[in-house]
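# Breakdown of the fold
Now for the letters of each chain:
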Amino acid sequence: TSINRLTKEFGGNVEKFKFVMENIGASKINIGDSAYKIRFLNDTYIIYILWSGDDEIESASNILFDSNIKHYFNAEDIAVIGDIPFIRIYEELDNL
């Protein structure tokens, strides 16, 4: 899932997450250890949240969608929309 991909790629490296998200034009917001908002369509945004782990707690992440997304997409579409920005995220990772 998109959440697993986010945790696997960045869970151990919040600074890498920040660097990539800022380079793709995401806007920083104050949730978790680090979170960014990406404009997806019109006034619809996707929020990627990362919590870094430590010796006692595993890294975790979450993906949130604007409530207005339901006006544009059905549930099946929403299930894959979180993956779409990963195309740009992986392009940026390749440039590191």
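The preceding data block contains the structure.
Here's a quick rundown of the structure. Computed from a prediction, not measured in an experiment: that's the story for all the values here.

### Quick look at the pattern of salt bridges
Enumeration according to the criterion identifies five salt bridges in this entry. With a shortest N-O distance of 3.2 Å, Glu-9 and Lys-16 are connected by a salt bridge. The network of salt bridges with common partners includes Arg-88, Glu-91 and Glu-92.

### Focus: the environment of Ile-31
Its place among the elements puts Ile-31 in the loop between strand E1 (27-29) and strand E2 (34-41). On the basis of relative accessible area, Ile-31 is assigned to the partly exposed category, the value being 31%. Sequence spacing of Ile-31 and Leu-50 is 19 residues, and the spatial spacing of their C-alpha atoms is 8.3 Å.

### Quick notes on the nonpolar core
As a rule of thumb, nonpolar side chains are buried together in soluble globular proteins. The biggest cluster of nonpolar side chains holds 19 residues, and the ones touching the most others in it are Leu-6, Phe-10, Phe-17, Met-21, Tyr-48 and Ile-89. If one sorts the elements of this core by residue count, helix H2 (residues 14-23) sits on top with four residues. Setting aside chain neighbours within four positions, we find Ile-89 in contact with Phe-10, Val-20, Met-21 and Ile-24.

About the cut-offs
- Residues numbered from 1 in each chain as written.
- Predicted model: local features only at pLDDT ≥ 70, side-chain atom pairs only at ≥ 80, totals over all residues.
- Heavy atoms only, no water.
- Salt bridge = Lys/Arg side-chain N within 4 Å of Asp/Glu carboxyl O.
- Helix = DSSP H or I, 4+ residues; strand = E, 2+ residues; numbered from the N terminus.
- Buried < 20%, exposed > 50% of the residue type's maximum accessible area, 1.4 Å probe, protein only.
- Core = buried A, V, L, I, M, F, W, Y, C linked by side-chain atoms within 4.5 Å.
- Contact = heavy atoms within 4.5 Å.

Nothing here speaks to function; it is all geometry.
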